[in-house]
Every structure is written in C-alpha cells, then in structure tokens.
Amino acid sequence: MERSLKSLALTVAPFALLAGPAFAQDAPAARAYVSNERSSTVTVVDLAGGKVVAQWPVGKRPRGIALTRDGTYLLICASADNGVEVRDTATGALVATLPSGADPEQFFPSHDGKLLFVANEDDAAVTAVDLSARRVAWQVSVGEEPEGIAQSPDGKWLLVTSEEGNVVAWIDVATHAVVAEMETATRPRHVEFTPDGAHVWIAAEMGGVVHVADVASRAIARTIKFAPPGVADYKVMPCGIRFTPDGKTAVVALGRADAVAVVDVESATIRGYVKVGARPWHLAILPGGTSALVANGASDNLSLVDIPGLKVTATIPAGEGPWGVALGR
C-alpha cells in the first residue's frame, strides 16, 4: 500500500548527483569509509597504508553508507536524525540532507541512478527519494521494522526485509506494489542479490541462517546453517553479506559469533570461518576480490580478511560501534 507523503519534510540544500548508479564500482578504491553507530562519526581509512586518515563527525546514529558512482559524494543514513546525509568524500563537509522518512537504517541507490530506496525502521515503510529533484517520489508500507533492502540487477524487484514480521517483501518497482511476502527464519536483517541476479541471499539473524532464494520463482531454494568451531549456536547471528566480483564467493558476517564465513556460491557450502573482532555487522569486498574489510561493532575496529587464506591480515581502529563499510577514491 502506497503511503501519504504529506508528513515528510522535503526541504534540502541544493546539490547535484550523477544520473548514473550510485555505487563507485568503476574506480579503483583507495579509501574505506566506515559508519560508527555509537560515536556518530565516519572513519576514513587509507587502504594502501592500512591507516586511519580522518574521523568525521556526522549525523546521529549513522548506519547505512555508500558512495555515488563517481566517488564524489558519500551517502549516510543518519538514523536518529531521520535523514540521509550527502557529504564530500575529500573533506567530509555536509553538502545536503535528503528527506528519507523516519529512522532510515539501510538504503539502496537504484541501478538507473534516479532513485534512492530507503528502509524506514520506525515507519514500517520504504521511501523512494528522487535524487535529481531532491524530494520523496513515493512511499510503500511493508512489514514491521524493515532493514535490509536491495534492487535486483535487472531493476524489476525491490526486496525489503521485515525484522519483526519475519518476511521479505517483493516490491514491483514499476507499480510500487508489494506483490508477494516470502516467509523467512527469525529476524531477517540483510538481503543481497547475486551478481547474475538469479538468486538473492537473505540473512536471518536470530534464525542463525542465510536463505538462498530463486528470483524467478520467488521461493527459497536452499538454507545455509553456520557452525563456527567452538561457538554456541545462539551466538551465530548472520547479518552483512557481500559477493566477490566474479560472483563465486560470498562473505557473511556472523555477529556475536565474532567471525565471518566464506561460502562457495554455486554449491552454498562453507569453505571456512575467519575469527575477526567482536560482533561484525557489515563488510566490503576490496578490488580484486581477495580481501574483505569487516566492521566489528562491539570491538570498535576493522578486520582485513584474506579471503582465500581464511585469515585476518590487519586490524584497524575505528570509531565507537562501526557498522557499515563503503569503498571509494
């Protein structure tokens, strides 16, 4: 059901975003930008040197974070401020604040670069923000406490997880309608399409599993259960998922298990586990696909993981409560 937009603030400072997709995938990454939920900061890491080069104050409770395609702007969900901040990647200066609906947690820039899809946890809604007009384009009601959000590579589907409802909503992007709700294990928190768009992976945090759903049939095809050595089942809490550029490997953050899992995508089998910092939330795959940078929310640091070697090669300090990771120049 599409929601009324009258209650949403639409005033923002003028700025320009590129018309292209909003992730800086075409340029070599030189920096990582990490949202720190508790300190309301962004940590900037020089990837070549593996060192922190800046710590920027940002809006309250930053979580979702991404780069525009040209790497000029950093987008940040300032959840407690009910807005999405647009910041200069070189200086951290605030360029604009986009309207986003209440308590934005995660977002996904549309593949055509026209919209920013935002999950509003407190409103049980998804807000689509028109990036060129800098206003809300439309809003749709979904299940309680939406968080994970992603658009299919072909642009047809927008998927949104409902933590309280234990479902994933399938939204038809063309009609803005919820056409199906797929039941999941308890507390789905993240959703990630495979690069080829054939499957979507859904992390069910309290269920301790990742579902692999077939996009064509909108049905769960496989369920991956995790068992890191020496870790109690209740501590296995999957959250962030990222795929290597070739689509062959997935890295899954396992929350209170203090580990990530490295998974073979084709067979959905686990190649191994890597012990990282305390409570990893989200991560990014570095260019080349052989390393991952993991945000450890309870130990206030980042783990650089050698994916083929299944080992941590460096630990980098962050702010308080690192949550999300974005890569840029």
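In this text, all values refer to a predicted model and were calculated from it rather than measured experimentally. (Residues numbered from 1 in each chain as written. Predicted model: local features only at pLDDT ≥ 70, side-chain atom pairs only at ≥ 80, totals over all residues. Heavy atoms only, no water.)

A.B. asks: Quick rundown of the overall build of the protein? Include the residues and the values.
C.D. replies: Tallying secondary structure elements over the protein gives zero helices and 28 strands in all. The principal-axis extent of the C-alpha atoms belonging to the protein is close to 50 × 45 × 30 Å. Counting all 329 residues of the protein, 57% fall into the buried class. For the protein, the computed accessible surface area is about 12,600 Å², with 50% contributed by carbon and sulfur atoms. (Helix = DSSP H or I, 4+ residues; strand = E, 2+ residues; numbered from the N terminus. Buried < 20%, exposed > 50% of the residue type's maximum accessible area, 1.4 Å probe, protein only. Areas by Shrake-Rupley, 256 points an atom, 1.4 Å probe, with all protein chains shown as cover.)

A.B. asks: So what's going on with the nonpolar core? Residues and values would help.
C.D. replies: Core analysis: the largest hydrophobic core is formed by 27 residues, its most contacted members being Phe 117, Ile 149, Leu 158, Leu 159, Trp 170 and Val 200. Looking at this core, the elements that each hand over two or more residues are strand E9 (115–120), strand E10 (125–130), strand E11 (135–141), strand E12 (146–151), strand E13 (157–162), strand E14 (167–172), strand E16 (188–193) and strand E17 (199–204). (Core = buried A, V, L, I, M, F, W, Y, C linked by side-chain atoms within 4.5 Å.)

A.B. asks: Give me the packing of aromatic side chains: which residues, what numbers.
C.D. replies: Each aromatic ring pair is described using two quantities: the centre-to-centre distance and the angle formed by the ring planes. Following the criterion strictly, the structure yields four aromatic pairs and no others. For the pair Phe 117 and Trp 138, a centre-to-centre distance of 5.9 Å together with 50 degrees between the ring planes defines the contact as tilted. Of the two residues, Phe 117 is situated in strand E9 and Trp 138 in strand E11; the sequence distance between them amounts to 21 residues. Judged by centre distance (5.6 Å) and plane angle (85 degrees), the ring pair of Trp 157 and Trp 170 falls under edge-to-face. Remark: Trp 170 occurs in strand E14 and Trp 157 occurs in strand E13; sequence separation between them is 13 residues. (Phe/Tyr/Trp six-rings, centres within 6.5 Å; stacked < 30°, edge-to-face > 60°.)

A.B. asks: Any chance you could break down the sheet that holds strand E19 (residues 219–225) for me, citing the residues and the numbers?
C.D. replies: Ordered by their spatial adjacency, four strands build an open sheet running E16-E17-E18-E19, and the pairing between neighbours is antiparallel. One side of each edge strand has no neighbouring strand; the edge strands of this open sheet are E16 and E19. Neighbour to neighbour, the strand axes of the sheet diverge by 25 degrees on average, direction disregarded. Bridging between strand E18 (residues 209–214) and E19 involves six bridges; their strand directions are antiparallel. Opposite His 211, over in E19, you have Thr 223 as the bridge partner. (Pairing = 2+ DSSP bridges. Axes fitted to C-alpha atoms, helices over the stretch in contact; angles between N-to-C directions.)

A.B. asks: Outline the state of the cysteines, listing residues and values.
C.D. replies: A covalent bond between the sulfur atoms of two cysteines is referred to as a disulfide. Scanning the model with the defined rule gives zero disulfides in all. Take Cys 77: it sits in no disulfide, and the sulfur closest to it among the cysteines is that of Cys 239, at 14 Å. A relative accessible area of 0% means that Cys 77 is categorised as buried. (Disulfide = S-S within 2.5 Å.)

A.B. asks: Outline the sheet that holds E14, listing residues and values.
C.D. replies: Across the sheet, four strands lie side by side as E12-E13-E14-E15; this open sheet has antiparallel pairing. Only two strands of the sheet have a single partner each, and these edge strands are E12 and strand E15 (177–183). Going from strand to strand, the sheet's axes swing by 20 degrees on average, the running direction of each strand aside.

A.B. asks: Now, about the pairing of strand E3 (residues 51–57): what can you tell me, with residues and values included?
C.D. replies: Note that strand E2 (residues 41–46) and E3 share six bridges and pair antiparallel. By the bridge assignment, Thr 43 is partnered in E3 with Gln 55. Turn length for the E2-E3 hairpin, with the two strands adjacent in sequence and antiparallel, is four residues, and the turn residue Gly 50 shows positive phi of about 65 degrees.

A.B. asks: Account for the environment of Lys 156, naming residues and giving values.
C.D. replies: Tracing the backbone shows Lys 156 in the loop between E12 and E13. The exposure class of Lys 156 is partly exposed, given its relative accessible area of 44%. With 18 residues separating them along the chain, Lys 156 and Ala 174 place their C-alpha atoms 7.1 Å apart. Setting aside chain neighbours within four positions, we find Lys 156 in contact with Ile 171, Asp 172 and Val 173. (Contact = heavy atoms within 4.5 Å.)

A.B. asks: Go over the pattern of salt bridges with me, naming the residues and quoting the values.
C.D. replies: Side chains that carry opposite charge are capable of pairing whenever their charged atoms lie near each other. In total, this model carries 16 salt bridges according to the counting rule given. Glu 163 is the salt-bridge partner of Arg 189, the closest N and O atoms lying 3.7 Å from each other. A residue pair is termed long-range when its members are at least 10 positions apart, and Arg 189 in strand E16 and Glu 163 in the loop between E13 and E14 qualify at 26 residues. For Glu 163, a relative accessible area of 2% translates into the label buried. Close ionic contact of Arg 242 with Glu 192 constitutes a salt bridge, the shortest N to O distance being 2.9 Å. In this pair, Arg 242 sits in strand E20 (residues 241–243) while Glu 192 sits in strand E16, placing the two residues 50 residues apart along the sequence. Because the salt bridges share partners, they merge into one network encompassing Arg 63, Asp 103, Glu 105, Glu 121, Glu 147, Glu 163, Glu 164, Arg 187, Arg 189, Glu 205 and Arg 279. (Salt bridge = Lys/Arg side-chain N within 4 Å of Asp/Glu carboxyl O.)

A.B. asks: How would you explain the side chain of Ser 110 if you had to name every residue and give the values?
C.D. replies: Looking at where Ser 110 falls in the secondary structure, it is placed in the loop between strand E8 (104–109) and E9. Its relative accessible area of 2% is what places Ser 110 among the buried residues. Among the polar contacts listed, one links the side chain of Ser 110 to the side chain of Asp 112, at a separation of 2.7 Å. Only 3.2 Å separates the side chain of Ser 110 from the backbone nitrogen of Lys 114, close enough to count as a polar contact. (Polar contact = N/O pair within 3.5 Å; in protein donor to acceptor, adjacent residues only side chain to side chain.)

A.B. asks: Tell me what's going on with the environment of Val 265, and back it up with residues and numbers.
C.D. replies: Within the secondary structure, Val 265 is located in the loop between strand E22 (259–264) and strand E23 (269–275). In contact with Val 265, not counting residues within four places along its chain, are Thr 194, Trp 201, Arg 222, Phe 243, Gly 247, Lys 248, Thr 249 and Ala 250.

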